[in-house]
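# Remarks on the overall topology
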Amino acid sequence: MSEESQTSYSDKLPNKFMEQIEEVAKTKRLNKEQKGKLTEEVIKVMEERKFEPGEVIGIITAQSISEPSTQMTMRTYHFAGTAGMKVTYGLPRLMEIFDAKKELETPMMTILLKKDFNNVETAKKLAEYIVEKKLAAITKSVSLNLNDMTIEVELTDKKRENSVAKIIKEFVKDVDAKPVRDKIVITPRTELDIKELQKVKDKAMNVKIEGISGVQNAVVRREGEDWIINTIGTDLDSVIKLKDVDEKRTISNDIYEVAKVFGIEAARNVIMVEALKTLQEQGLDVDVRYIMLVGDIMTFSGEVNSIGRYGVAGSKTSILARAAFEETIKHLVRASIRNEADEFKGIFENVMIGQVIPSGTGMFDLIAKREEQS
Amino acid sequence: MANVFVNGRFIGVAPEAQKIVNMIRDGRRTGKFSDQTNVAYHFNSDEVIIVTDSGRVRRPLVIVQNGKPKLQQADIDKLRKGEINWSDLLKTGVIEYLDAEEEENAYIALRESNLTTQHTHLELNPAIILGLSASFVPYPEHNRGDRVNYGAKMVGQSIGLFATNYLLRADSKSNVMIYPQEPLVQTYMHTSQEFIEHPNGMNVVMAFGSFEGYNMEDAIVINKNSIERGLLWSYMYRTYEAEQKRYMGGQEDVIGIPSPNVRGYAGEDAYKHLPEDGIINPETKVNSDDILIARTSPLRFLGTMDQFITGIENIRETSVALRHGDEGIVDRVFVSETIDGTKLIKIVVRDPKIPEIGDKLASRHGQKGVIAIVVPQEDMPFSEDGTVPDIVFNSHSIPSRMTMGQLLEVIAAKVAALSGKPIFAPAFGGVPEEQLRSSLKKLGYKEDGKETMYEGRGGRRLSSQIFMGCCFYKKLDHLVSNKIHARSRGPVTLLTKQPTEGRSKEGGLRLGEMEKDVLIAHGAALTLKERFDSDKTLVPICTKCGMVATNDRIRNTKICPLDGESNIVDVEMSYAFKLMLDELKSMLIYQKVVVGEE
């Protein structure tokens, strides 16, 4: 109905604001003129809320996130006697996110199902299916037969012997495996001593029989209409290929994995969602926009960068600022070899040499001097 | 087959572990083995662990057999009469010491009434679970656990009579309370550790309530007249030393007032208060930085030109002065000799510390506070019988901390003060509340310890009844007079030209990394610059090569070592940065300073 007004404002306001204005307009039954006024008012308020030139948003962001985090430290390690899934909470998790750790302590997936499959049965079946099962999980007993130099595996489920034997044969190098009288007998093709046989046994016990490798645990949970599977261990790439899984809503908490599978924008979202979730779990109220800024800084180059010496802090332009942070010698030597120059345009360098910093009240200069009055 | 370890070393296996353990224990109780042997059998790992080495913490327990303690009333009576002693009980197997290892095998009853046939030991007294300083807290079982812990911690910081021979000692720093008192409410520790010889506080009359908001947030309102009567006074003793050292080549220090042509001569006034021998007399009032012992030492490293300079001797003033910020009266002067035979002088300076605003006081229940106001007695509230409290304690300190022991102490101490007998209140065995209440009633006071009080300034009756009683208070070793510090201008360090650090060096207070960030976040660029200007210098920079040039004062020109008299400008920078440029140069990194236009 008001296509033009929307398009004329949409470059000034974010989509979410436009949606909300639309909603208000609908409920309050505003006419076109009133709606235009409302939109202008919103734009005015938004302009007022914008940061001014010279405002150091980086430092304000850092302070706004780190001050609440200091309170978190004290509470985090007091989780004595809690049962259930062990999940990294609090400061350790926050550090994981901002340091962009490659190996998470508890990698997790949240799997949602497509509309047609959104029911308990499918969810439970899927949860059962994706959990990785190793041979050790389905064995009743293992023994080394030192006479024949073979390994004898007794399964809990005797019916599966044939298929399991096949898998062992396929994935363990240089062995034969076949069911013999209620047991699977694994025979190495080469002559081995006891120690090597022991190694083969360990290898065989670690063979994946079914499921998706890496997924250790899967719990089905209901949230509103949806049946959700939470897993420990991630493999997004294989999970979204399953036919029941809704790949548009399924997500992992591993930033790198998401960046690889869904792209950098999704990774930015994961950083924001996870950081905000971690802070809110602890009852800390940090404005989203600070987290958004961190997410932007970590991903704007197209790949995930940590906040640290190898990431954001290491890519500062000033040599002195980098040298003062970490790895002083590396930066100084590199700069001297390459004949680099420090422009003294940042804050830290100017504090170092005792000059007025180029921000806040110090960022303005007189362009022309008034003529001296004689 | 149990593995047997002696002092952590495997020595063999035993077929019947329990038998060996029992044999060792019986042997220890009958005197066959040393009573310092401990043995434990761990069922899970099937190990017998025997320990005899030093450094274990052990504690005494009464041995129990068939649910009956071996310590009988007869033994206790004999002990009282002095017929037997502690080690006799140890030898006869009545009492034994257990360490952490053997405790794993013991089943210890806390009280005799709890004993069953399964028990192996009995605690001497339930109060023994507390250590030395925690045992000084009366009624600890009525307090929240952490408060007892805090109270115990603060015992260690209290100023008291740490040694009765303090007048003969020359500790580098010590505090001694004047007229410390025996607490009105005592525990086992006060009697067994001869606390009366080494008390650490005084009994005060305290009222619970507010005083015009001056006792908010744990602050303490204190009676001025009480202080003038000597409440919680203490002396701080500090010892200063000077040695008349001998050096190689026959040179030695000289103790005595230096002549004016000595390097570092502090001026005539600085030595005015000293007698001829250069060692200060006892009972002289001294102030901050006053010289106590005048001394000169030979210069050890002569500069190239020094030996040719006439008029100034090659000796330097090395006098010992009173610490910066301290003051006091010279108490004692010792003149002695070291082992090497050199003259040694020790001077003890005494500084009376009268309670003042900012001093830290604490009761024994982890209730600490700082004096916020000193009120004249006439302005303090008073009770019906004319009692004026020494301290007005804020009642809000009680509910959140749940130190009910403090309240009980106040009532108990009130009874003790009125009846003239100290009250005994160790852990789990204090005089019960009901008894205190009835005694208080008998003494003619309200049984809940509350009193009708009148406001001091107007004489109006206070609308509510005020809980008042006595309490043992400690003065803690955090006195403002030892901590107060400010600086506007002052000394700088030689290397960086930045202000010195620390009170004793008249130092500045650092504006740190995070404080810097705050100024940046506020955009206060010029304030920030001003704060960091403490070491600003003008450095001559050659515009051609960008290196630091030299300033030739004699010819009043600036010269660049590389380019001669080129265009040299003075650049303002922090001295620390100039130092960094020098260091980079020493690492063969050419740092070119490109100077922009003003």
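Residues numbered from 1 in each chain as written. Chains lettered and ligands numbered in written order. Predicted model: local features only at pLDDT ≥ 70, side-chain atom pairs only at ≥ 80, totals over all residues. Heavy atoms only, no water.

Here we come to the interface of chain A and chain B. Listed by partner, the interface residues are 22 residues for chain A and 21 residues for chain B. Together, A:V351, A:I353 and A:V356 form the three largest contributors to the area buried by chain A at its contact with chain B, with a combined 25%. The interface formed by chain A and chain B holds zero salt bridges in total. In terms of residue count, the dominant contributor to the side of chain A that touches chain B is helix α16 (residues 347-353) of chain A (five residues). For the side of chain A that touches chain B, the per-class residue count stands at 13 nonpolar, eight polar and one charged. (Contact = heavy atoms within 4.5 Å. Buried area = accessible area lost by both parts, 1.4 Å probe. Salt bridge = Lys/Arg side-chain N within 4 Å of Asp/Glu carboxyl O. Helix = DSSP H or I, 4+ residues; strand = E, 2+ residues; numbered from the N terminus. Nonpolar A, V, L, I, M, F, W, Y, C, P; charged D, E, K, R; others polar.)

Take unusual backbone geometry next. Residue and element names in this part refer to chain B. In this structure, E217 takes a positive phi of about 50° despite not being glycine. Here D218, not a glycine, exhibits a phi torsion of approximately 70°, which is positive. With respect to the element layout, D218 can be found in the loop between β12 (202-208) and β13 (219-223).

In low-pLDDT regions, the fine details of the predicted coordinates are not to be read closely. Of the residues in chain B, 97% reach a pLDDT of 70 or more, and the chain-wide mean stands at 91. Taken over the whole predicted complex, pTM reads 0.75, whereas the ipTM for its chain interfaces reads 0.76. (pLDDT = per-residue confidence, 0-100.)

Residues separated by three or four positions in an α-helix point in the same direction, a consequence of the helix having 3.6 residues per turn. Under the 1.5 Å per step criterion, the end-to-end length of helix α12 (residues 264-281) of chain A is 25 Å for 18 residues, consistent within 8% with the ideal 26 Å. Looking only at α12(A), the buried set comprises A:A266, A:A267, A:R268, A:V270, A:I271, A:M272, A:E274, A:A275, A:L276, A:T278 and A:L279. (Expected span 1.5 Å × (residues − 1). Buried < 20%, exposed > 50% of the residue type's maximum accessible area, 1.4 Å probe, protein only.)

Turning our eyes to something else, we now look at the environment of B:I391. Residue and element names in this part refer to chain B. Tracing the sequence through the fold places I391 in strand β26 (residues 391-393). Once the C-alpha coordinates of I391 and E104 are considered, the two residues, 287 residues apart in sequence, prove to be 48 Å apart. Discounting chain neighbours no more than four positions away, the residues touching I391 are V204, V205, M206, A207, I220, V221, I222, L361 and Y473.

With 42 residues, the main nonpolar core has A:F98, A:I111, A:L126, A:I130, A:I229 and A:I291 as its most contacted residues. Per-element accounting of this core gives the leading share, eight residues, to α12(A). Here A:L126 is in contact with A:I111, A:L113, A:I229, A:L242, A:D244 and A:V245, once residues within four sequence places are set aside. B:F208, B:L408, B:F467 and B:L479 belong to the second largest nonpolar core, which has 36 residues in total. (Core = buried A, V, L, I, M, F, W, Y, C linked by side-chain atoms within 4.5 Å.)

Turning next to the packing of aromatic side chains. All names here are of chain B. Tallied over the full model, the rule gives twelve aromatic pairs over all chains. The interplanar angle of 20° and the centroid separation of 5.6 Å between the aromatic rings of F382 and Y454 together place this pair among those described as stacked. Here F382, found in strand β25 (residues 382-383), pairs with Y454, found in strand β29 (residues 453-454); they are 72 residues apart in sequence, far enough to count as distant. Residue classification places F382 among the partly exposed residues on the basis of a relative accessible area of 30%. (Phe/Tyr/Trp six-rings, centres within 6.5 Å; stacked < 30°, edge-to-face > 60°.)

Let us look at the pairing of strand β9 (residues 226-232) of chain A. All names here are of chain A. The element β9 is extensively covered by neighbouring structure, given that seven of its seven residues are classed as buried. Bridging between strand β1 (residues 108-112) and β9 involves five bridges; their strand directions are antiparallel. Across the sheet, M109 pairs through a bridge with T231, a residue of β9. Two strands pair when backbone bridges link them, and strand β8 (residues 217-223) and β9 are joined in this way by seven bridges, in the antiparallel orientation. Residue pairing for β9: N217 is matched across the bridge by I232. Hairpin connection, β8 to β9: the antiparallel pair is bridged by two residues, and G224 has positive phi, about 65°. (Pairing = 2+ DSSP bridges.)

Our next topic: the confidence of the model for chain A. In the predicted model, chain A carries a mean pLDDT of 83, and the fraction of residues at 70 or more is 93%. In the model of chain A, helix α1 (residues 3-10) of chain A stands out as the element of lowest mean pLDDT, 56, in contrast to helix α11 (residues 255-261) of chain A, which has the highest, 93.

A few words now on the sheet that holds strand β15 (residues 254-255) of chain B. Residue and element names in this part refer to chain B. If you trace the three strands from one edge of the open sheet to the other, you get β15-β18-β19, paired in antiparallel fashion. Strand pairing shows two members of the sheet lacking a second neighbour, β15 and β19 (315-317), which therefore form its edges. Pairing geometry for strand β18 (residues 295-298) and β19, over three bridges, is antiparallel. Residue pairing in the sheet places T296 in a bridge with E317 of β19.

What follows concerns a nonpolar patch on the surface. All names here are of chain B. A cluster of nonpolar residues, W86, L110, L124, I128, I129 and F428, forms a patch on the protein surface that exposes about 490 Å² of accessible area. With respect to the helices, strands and loops of the structure, L110 is situated in the loop between β8 (108-109) and β9 (121-122). Residue class for L110 comes out partly exposed when judged on its relative accessible area of 33%. (Patch = residues over 30% accessible without salt bridge, like charges linked within 9 Å, V, L, I, M, F, W, Y side chains within 5 Å. Areas by Shrake-Rupley, 256 points an atom, 1.4 Å probe, with all protein chains shown as cover.)

As a further point, take the packing of helix α5 (residues 90-98) of chain A against α12(A). Residues and elements named next belong to chain A. Direction vectors running N to C along α5 and α12 enclose 165°, while the axes themselves pass 9 Å from each other. Between α5 and α12, the crossing angle belongs to the class labelled roughly antiparallel. Crossing hand, α5 versus α12: left-handed. Contact residues: G90, R93, L94, I97 and F98 in α5; I271, E274, A275, T278 and L279 in α12. (Axes fitted to C-alpha atoms, helices over the stretch in contact; angles between N-to-C directions. Parallel < 35°, antiparallel > 145°, perpendicular 65-115°, else oblique. Left-handed = near helix turned anticlockwise from the far one by under 90°.)

The next point concerns the side chain of B:K516. Topologically, B:K516 is positioned in helix α10 (residues 513-521). Leave out the neighbours within four places in its chain, and B:K516 touches A:F348, A:V351, B:L511, B:L528 and B:F532.

The next thing to look at is the side chain of A:E132. All names here are of chain A. Topologically, E132 is positioned in the loop between α6 (120-130) and β2 (133-134). Here E132 is buried and forms no salt bridge, its nearest opposite-charge partner K134 lying at an N-O distance of 4.5 Å. Within the local environment of E132, its side chain forms a polar contact with the backbone nitrogen of G214, the two atoms lying 2.7 Å apart. Apart from the residues within four sequence positions on either side, E132 is in contact with K208, E210, G211, I212, S213, G214 and V215. (Lys, Arg positive; Asp, Glu negative; His and termini not counted. Polar contact = N/O pair within 3.5 Å; in protein donor to acceptor, adjacent residues only side chain to side chain.)

A separate point is the pairing of strand β21 (residues 328-337) of chain B. Residues and elements named next belong to chain B. Note: strand β16 (residues 285-286) against β21, two bridges, orientation antiparallel. Of the residues in β21, the one forming a bridge with V286 is G328. Joining the antiparallel neighbours β21 and strand β22 (residues 343-353) is a turn of five residues, in which G341 adopts a positive phi near 90°.

All names here are of chain B. Strand order across the open sheet formed by five strands is β10-β14-β22-β21-β16, with antiparallel pairing between neighbours. The outermost strands of the open sheet, each flanked by one partner alone, are β10 (173-177) and β16. Note: strand β14 (residues 234-243) against β22, ten bridges, orientation antiparallel. Each residue of the ladder has a partner; that of M236, found in β22, is D351.

A few words now on the domain arrangement of chain B. When its domains are assigned, chain B resolves into domain 1 (2-124), domain 2 (136-233 + 357-475), domain 3 (238-352) and domain 4 (503-586). Placing the centre of domain 3 of chain B and that of domain 4 of chain B at their C-alpha centroids yields a distance of 38 Å. (Domains from an automatic or database assignment.)

With that settled, the discussion passes to the environment of A:S141. All names here are of chain A. Tracing the backbone shows S141 in strand β3 (residues 139-145). Residue class for S141 comes out partly exposed when judged on its relative accessible area of 31%. As for S141 and T61, which are separated by 80 residues in sequence, their C-alpha atoms are 57 Å apart. Excluding residues that lie within four positions of it along the chain, S141 makes contacts with E152, V153 and E154.

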